[in-house]
Amino acid sequence: LAAGTTAAGWAYAADRFDGGVWLFAAVLISWLVAVAAVDLCTLLIPNRLLVLGGAVTGPAALLTGFTAWPEALGGGLALSAVLLGSALLVRDGLGGGDVKLGALLGFVLGWKLALLALFLAFLLAAGVGALLILLKRKRRSDVMAFGPFLAAGACIALFWGAQLVDGYLRAAARP
């Protein structure tokens, strides 16, 4: 499943982006699939995986022009603050790996796309969680990995984020 997801992501990225941005997107997708798979299996996101991903995707986002420094710093700070606050407020909620992953995604995507990715991650997690409870596969007290939802939100933001943010801003500006 991970290989198929990665291949599909690469193919779509090749159709969507040019040159260096395609390479950045392919690396980001590969890393996010690995993060999601590990978190699903272990409920942990290892620091080694985070450091590796950050060391490659952060510079790639900046060098390809996908993200500029001010947006990268703003995104990293915004997502880490929101996720750290959530982790501190909700007992047995988000873990440190989720907070660090969020900070890295914020840096890589920039603040607008990162906040969209986070919103989508919470929305997807709530929907899947509710469905699993309705199907009696999980109880409200059960723990669920959040990394896969952050990864999915980041991929959606990567591919369609600019259109979603622009559409939202246009709709919000209408009287």
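Not measured: the values here are computed from a predicted model.

1. Looking at the overall build of the protein
Working step 1: A tally of helices and strands in the protein yields seven helices and zero strands.
Working step 2: The order of α-helices and β-strands along the protein, N terminus first, is α-α-α-α-α-α-α.
Working step 3: Whereas a compact globule of 175 residues would reach a radius of gyration of roughly 16 Å, the protein reaches 16 Å, a difference of no more than 12%.
Working step 4: Its C-alpha atoms give the protein principal-axis dimensions of about 45 × 45 × 30 Å.
Working step 5: Buried positions account for 38% of the 175 residues belonging to the protein.
Working step 6: When contacts within the protein are restricted to residue pairs at least 6 apart in sequence, those whose partners lie at least 24 apart make up 74%.
Working step 7: When the accessible surface of the protein is totalled, it reaches about 9,900 Å², and 70% of it is carbon and sulfur.
Working step 8: Averaging the coordinates of the 12 positive side-chain charges in the protein and doing the same for the 8 negative ones gives two points 9 Å apart.

2. Some thoughts on the packing of helix H5 (residues 96-109) against helix H7 (residues 147-173)
Working step 1: Between H5 and H7, the shortest axis-to-axis distance is 10 Å and the interhelical angle comes to 10 degrees. Overall, the two elements H5 and H7 adopt an arrangement that is roughly parallel. Residue-level contacts link Asp98, Leu101, Gly102, Leu105 and Leu109 of H5 to Gly147, Leu150, Ala154 and Ala157 of H7.

3. Section: the side chain of Thr6
Working step 1: Within the element layout of this structure, Thr6 appears in helix H1 (residues 2-16).
Working step 2: Since its relative accessible area comes to 15%, Thr6 is described here as buried.

Definitions and cut-offs
Residues numbered from 1 in each chain as written. Predicted model: local features only at pLDDT ≥ 70, side-chain atom pairs only at ≥ 80, totals over all residues. Heavy atoms only, no water. Helix = DSSP H or I, 4+ residues; strand = E, 2+ residues; numbered from the N terminus. Rg over C-alpha atoms; globule rule 2.2 N^0.38 Å. Buried < 20%, exposed > 50% of the residue type's maximum accessible area, 1.4 Å probe, protein only. Contact = heavy atoms within 4.5 Å. Areas by Shrake-Rupley, 256 points an atom, 1.4 Å probe, with all protein chains shown as cover. Lys, Arg positive; Asp, Glu negative; His and termini not counted. Charge placed at Lys NZ, Arg CZ, Asp CG, Glu CD. Axes fitted to C-alpha atoms, helices over the stretch in contact; angles between N-to-C directions. Parallel < 35°, antiparallel > 145°, perpendicular 65-115°, else oblique.

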